[in-house]
Amino acid sequence: MSVTNGNGLAKAKEYCSEYGLRAKELKAEGRQIIGYLTAIAPVEILTAAGVVPFRLKGWVSEPITKADAHMETIVCPFVRNVFDSALKGKYSFLDGMAMPHLCDSIDRTNDVWSYNLDLPYWHFLNIPHVTDDPSIEFTKSVLRSFITSLEGFTGRKITDQAIVEAVKQHNENRSLMRDLYSLRKENPPLISGVEMMEVMVAAMSLPVDESSALIKSVIEEVKRREPPAGKKAPRIMIVGGQIDNVAVAEVIENANAWLVMDDITMGSKAYWPTTDITPDPLQGIAERYLRKVRVATTYIDTGDTYEENLEARFGHMKRYINEFKVDGVILFVYKYCDPYGFDVPAMKSFIEETGTPVLYLEDEYSTSSLSRVKTRVEAFLEMIA
């Protein structure tokens, strides 16, 4: 990959629009590519194994034509779309998959994926949903099993030192992405929400060292920009699961608003928590994915009261609203996504108590329904302007 200061944004746009381009090149060079779903896949272990972690996404502009022959249509549209893309050969460069247990749509279709894709390597990680100490110990045993299976597949030993080095690389990567996020605090932000989405999508398709190089290049490029003209526009935060395309960001910013922050699984949910370097490196990794990454399927009850539990679960959103001067929040939830759907009433009330208006949208993982999203977003922005 050739990224120099000055072309990071162009490279990110290329990797976003031609998703998997770099993975195909690496595959041709002899690298092994392991795909994964969701923000709770332990990418540090994959990096330590010497393989390329590659996060899967769907193609929102394409209809689902093959997956429905294998999955119920009540399976969440994101999972069906990604599986459909895999069946169509868009991920033909994969050597294997690591599938963490996030929700029923993934857990109950794991065998369908494994049987139909028939990749040389497949591993399901039974990540628990509670965060107490026994769950940490259970997660460490899941990680040990993962390491053993990867060693068997690659023929290489994964040492504790290799895991520690991988943890440092991914922590640096997360720190760089947070630095890039901080450039959105300006008013107007130095980088648009559309550009930010392109960088995040591109970053999750690259080895961690190349991802960090890309983000550094983008930071340098954006810092050299002249501050944009000071148009007054609402500052929006979007909240949801894996929103991995620019379509919604374009709707928001074409309606005269700035998308300045997110709480999504390939955005801040993935980049804010770091992994502690612990004597047993699996301890720090287990604690990160179980206690720090805020996905809807993880049950957090560290408080003594309902209100304290809400604070533990959603308090970070309040901090984002203050730090990024957010004027309105869009909860964007995919149909049939029960974990995020169950969270909506409590989350919406929690955010509104800060005085920040909230728009709740339940929609497809598809651009086919974008016109109604556009209507709802434009009406919301008119209301808060």
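Let me begin by describing the structure that accompanies this report. (Residues numbered from 1 in each chain as written. Predicted model: local features only at pLDDT ≥ 70, side-chain atom pairs only at ≥ 80, totals over all residues. Heavy atoms only, no water.)

## What to know about the layout of surface pockets
Of the pockets and cavities examined, the largest pocket occupies roughly 510 Å³. Contributing to the lining of the largest pocket are 28 residues, with Cys103, Asp104, Ser105, Cys337 and Pro339 lying nearest its centre. Mapped by element, the contributors of at least two residues to the lining of the largest pocket are helix H4 (77-87), helix H5 (104-107), strand E7 (328-334) and helix H15 (338-352). No other element matches H15, which puts four residues into the lining of the largest pocket. Here the residues of the lining of the largest pocket sort into 17 nonpolar, eight polar and three charged. (1 Å grid on protein atoms, 1.4 Å probe; cavity = no way out; pocket = protein on both sides within 12 Å on 5 of 7 lines; lining within 4 Å. Points joined across faces, edges and corners; volume = space filled by probe spheres on them. Helix = DSSP H or I, 4+ residues; strand = E, 2+ residues; numbered from the N terminus. Nonpolar A, V, L, I, M, F, W, Y, C, P; charged D, E, K, R; others polar.)

## As for the sheet that holds strand E5 (residues 235-240)
Here four strands make up an open sheet; going across it, the order is E6-E5-E7-E8 and the pairing parallel. Across the chains shown, the open sheet's two edge strands, defined by having one partner strand only, are strand E6 (258-263) and strand E8 (358-363). Across the sheet, the mean angle separating the axes of adjacent strands is 25° when strand polarity is ignored. Of the strand pairs in this sheet, E7 and E8 are connected by six bridges, and their pairing is parallel. By the bridge assignment, Phe332 is partnered in E8 with Leu361. (Pairing = 2+ DSSP bridges. Axes fitted to C-alpha atoms, helices over the stretch in contact; angles between N-to-C directions.)

## Observations regarding the nonpolar core
Residues Trp113, Met177 and Leu180 are the most contacted members of the largest nonpolar core, which totals 138 residues. In this structure Met177 touches Met196, Val199, Met200, Ala203, Ile215 and Tyr271, once residues within four positions along its chain are discounted. (Core = buried A, V, L, I, M, F, W, Y, C linked by side-chain atoms within 4.5 Å. Buried < 20%, exposed > 50% of the residue type's maximum accessible area, 1.4 Å probe, protein only. Contact = heavy atoms within 4.5 Å.)

## Focus on the packing of aromatic side chains
Inspection of every chain in the model, using the stated rule, returns 14 aromatic pairs. Each member of the aromatic cluster is reached from another via a ring pair, and the members are Tyr19, Phe54, Trp59, Tyr91 and Phe93. Positioned above the aromatic ring of Tyr19 is the side chain of Lys57, whose terminal nitrogen or guanidinium carbon lies 5.2 Å from the ring centre. The residue whose ring lies beneath Lys57 is Trp59, and the NZ or CZ to ring-centre distance is 4.9 Å. (Phe/Tyr/Trp six-rings, centres within 6.5 Å; stacked < 30°, edge-to-face > 60°. Lys NZ or Arg CZ within 6 Å of the ring centre and 35° of its normal.)

## A look at empty space enclosed by the protein
Applying the stated criterion across every chain yields a total of four cavities of 30 Å³ or more. Computed from the structure, the largest cavity encloses a volume of approximately 300 Å³. The wall of the largest cavity is formed by 21 residues, among which Tyr36, Val43, His170, Asn173 and Tyr271 lie closest to the centre. Secondary-structure elements contributing two or more residues to the lining of the largest cavity are strand E2 (52-55), helix H8 (160-182), helix H10 (208-223), helix H12 (268-271) and helix H13 (281-292). With three residues, H8 is the largest single contributor of residues to the lining of the largest cavity. Residues belonging to the lining of the largest cavity are distributed by class as follows: 14 nonpolar, four polar and three charged. Broken down by secondary-structure element, the contributors of at least two residues to the lining of the second largest cavity are helix H14 (306-323) and H15. Across the lining of the second largest cavity, the residue classes break down as seven nonpolar, one polar and five charged.

## So, the pattern of salt bridges
Summed over the entire model, instances satisfying the criterion amount to 30 salt bridges. Between Arg80 and Asp68 there is a salt bridge whose closest N-O contact spans 3.0 Å. Taken together, the residues span a long stretch of sequence, with Arg80 in helix H4 and Asp68 in the loop between E2 and H4 at a distance of twelve residues. Among the ionic pairs, Lys374 bridges to Glu378, the shortest N-O distance being 2.9 Å. One end of the pair, Lys374, and the other, Glu378, are both in helix H16 (residues 370-384), four residues apart, so they sit about a helical turn from each other. (Salt bridge = Lys/Arg side-chain N within 4 Å of Asp/Glu carboxyl O.)

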